[in-house]
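Fold and contact review
The chain contents come next:
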Amino acid sequence: MKTFKKWVRDELGLDLTDQKSLGGNWFAEHGIPMVVSCTCCHDTLNVASAVIDEDKNCFCRECGEELDTIEKLEGED
Ligand SMILES: [Zn+2]
(Lines give C-alpha, C1' and ligand atoms only; values in the text may rest on other atoms or scores of the structure.)
Protein backbone atom coordinates (compact mmCIF):
# COMPACT_ATOMS: atom_id res chain seq x y z
CA MET A 1 0.00 0.00 0.00
CA LYS A 2 1.01 3.54 -0.62
CA THR A 3 0.38 6.86 0.99
CA PHE A 4 -1.65 9.29 -1.06
CA LYS A 5 1.40 11.34 -2.04
CA LYS A 6 3.28 8.30 -3.21
CA TRP A 7 0.23 7.01 -5.06
CA VAL A 8 -0.21 10.32 -6.89
CA ARG A 9 3.45 10.31 -7.83
CA ASP A 10 3.32 6.77 -9.20
CA GLU A 11 -0.12 6.88 -10.81
CA LEU A 12 -0.34 10.44 -12.04
CA GLY A 13 3.31 11.34 -12.23
CA LEU A 14 2.79 14.40 -10.06
CA ASP A 15 5.08 15.40 -7.26
CA LEU A 16 3.19 16.78 -4.28
CA THR A 17 6.20 17.13 -2.05
CA ASP A 18 6.11 20.92 -2.04
CA GLN A 19 2.34 21.10 -2.03
CA LYS A 20 1.18 22.19 1.39
CA SER A 21 -2.50 21.61 0.81
CA LEU A 22 -4.66 20.74 -2.13
CA GLY A 23 -7.83 22.64 -2.91
CA GLY A 24 -11.10 21.19 -4.08
CA ASN A 25 -10.30 22.21 -7.64
CA TRP A 26 -7.24 20.00 -7.74
CA PHE A 27 -9.30 16.96 -6.84
CA ALA A 28 -12.00 17.84 -9.36
CA GLU A 29 -9.42 18.35 -12.08
CA HIS A 30 -7.89 14.95 -11.49
CA GLY A 31 -11.13 13.10 -10.89
CA ILE A 32 -10.15 12.09 -7.40
CA PRO A 33 -12.71 12.22 -4.60
CA MET A 34 -11.65 14.40 -1.69
CA VAL A 35 -13.36 12.25 0.88
CA VAL A 36 -13.25 8.47 0.75
CA SER A 37 -14.34 5.73 3.06
CA CYS A 38 -12.06 3.08 4.45
CA THR A 39 -12.56 -0.26 2.72
CA CYS A 40 -12.00 -1.99 6.02
CA CYS A 41 -13.74 -0.06 8.82
CA HIS A 42 -15.86 2.24 6.59
CA ASP A 43 -14.77 5.38 8.35
CA THR A 44 -14.79 8.41 6.10
CA LEU A 45 -11.57 10.29 5.76
CA ASN A 46 -9.78 12.82 3.64
CA VAL A 47 -8.15 11.04 0.72
CA ALA A 48 -4.90 12.88 1.39
CA SER A 49 -4.51 11.01 4.64
CA ALA A 50 -5.58 7.66 3.23
CA VAL A 51 -3.41 4.78 2.10
CA ILE A 52 -4.22 3.14 -1.22
CA ASP A 53 -3.66 -0.39 -2.45
CA GLU A 54 -2.94 -1.75 -5.95
CA ASP A 55 -6.66 -1.96 -6.74
CA LYS A 56 -7.21 1.65 -5.71
CA ASN A 57 -8.98 0.69 -2.54
CA CYS A 58 -8.61 3.32 0.14
CA PHE A 59 -7.94 2.57 3.76
CA CYS A 60 -7.53 4.71 6.78
CA ARG A 61 -4.03 4.86 8.15
CA GLU A 62 -4.85 2.58 11.03
CA CYS A 63 -6.37 -0.23 8.94
CA GLY A 64 -3.76 0.21 6.25
CA GLU A 65 -0.92 -0.31 8.65
CA GLU A 66 -2.66 -3.24 10.24
CA LEU A 67 -3.26 -4.96 6.90
CA ASP A 68 0.12 -4.04 5.55
CA THR A 69 2.20 -6.10 7.87
CA ILE A 70 4.62 -7.52 5.34
CA GLU A 71 5.70 -4.47 3.43
CA LYS A 72 6.26 -1.21 5.12
CA LEU A 73 4.02 1.59 3.88
CA GLU A 74 5.66 3.45 1.07
CA GLY A 75 5.78 7.16 0.60
CA GLU A 76 6.90 8.74 3.82
CA ASP A 77 9.42 11.33 2.76
ZN1 LIG B 1 -10.15 1.80 8.54
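Residues numbered from 1 in each chain as written. Predicted model: local features only at pLDDT ≥ 70, side-chain atom pairs only at ≥ 80, totals over all residues.

Across the sheet, three strands lie side by side as β1-β4-β5; this open sheet has antiparallel pairing. Of all strands in the sheet, those with a lone pairing partner are β1 (2-3) and β5 (58-59), marking the two edges. With two bridges connecting them, strand β4 (residues 51-52) and β5 associate as antiparallel partners. From the neighbouring strand, V51 faces β5, where its bridge partner is F59. (Pairing = 2+ DSSP bridges. Helix = DSSP H or I, 4+ residues; strand = E, 2+ residues; numbered from the N terminus.)

A few words now on the nonpolar core. Within soluble globular proteins, side chains that are nonpolar tend to cluster in buried spots. Judged by nonpolar contacts, M1, F4, W7, V8, V36, A50, V51, I52, C58, F59 and C60 together constitute the single largest core of eleven residues. When contributions to this core are tallied by element, the ones reaching two or more residues are α1 (4-12), β4 and β5. Ranked by residue count, the leading element in this core is α1, at three residues. Setting aside its immediate chain neighbours within four residues, C58 contacts V36, C38, T39, V47, A50 and I52. (Core = buried A, V, L, I, M, F, W, Y, C linked by C-beta atoms within 7 Å. Buried ≥ 20, exposed ≤ 12 C-beta atoms within 10 Å, placed from the backbone. Contact = placed C-beta atoms within 7 Å.)

This next bit is on the environment of D53. Along the chain, D53 falls in the loop between β4 and β5. A sequence separation of 51 residues divides D53 from K2, and the C-alpha atoms of the two residues are 6.4 Å apart.

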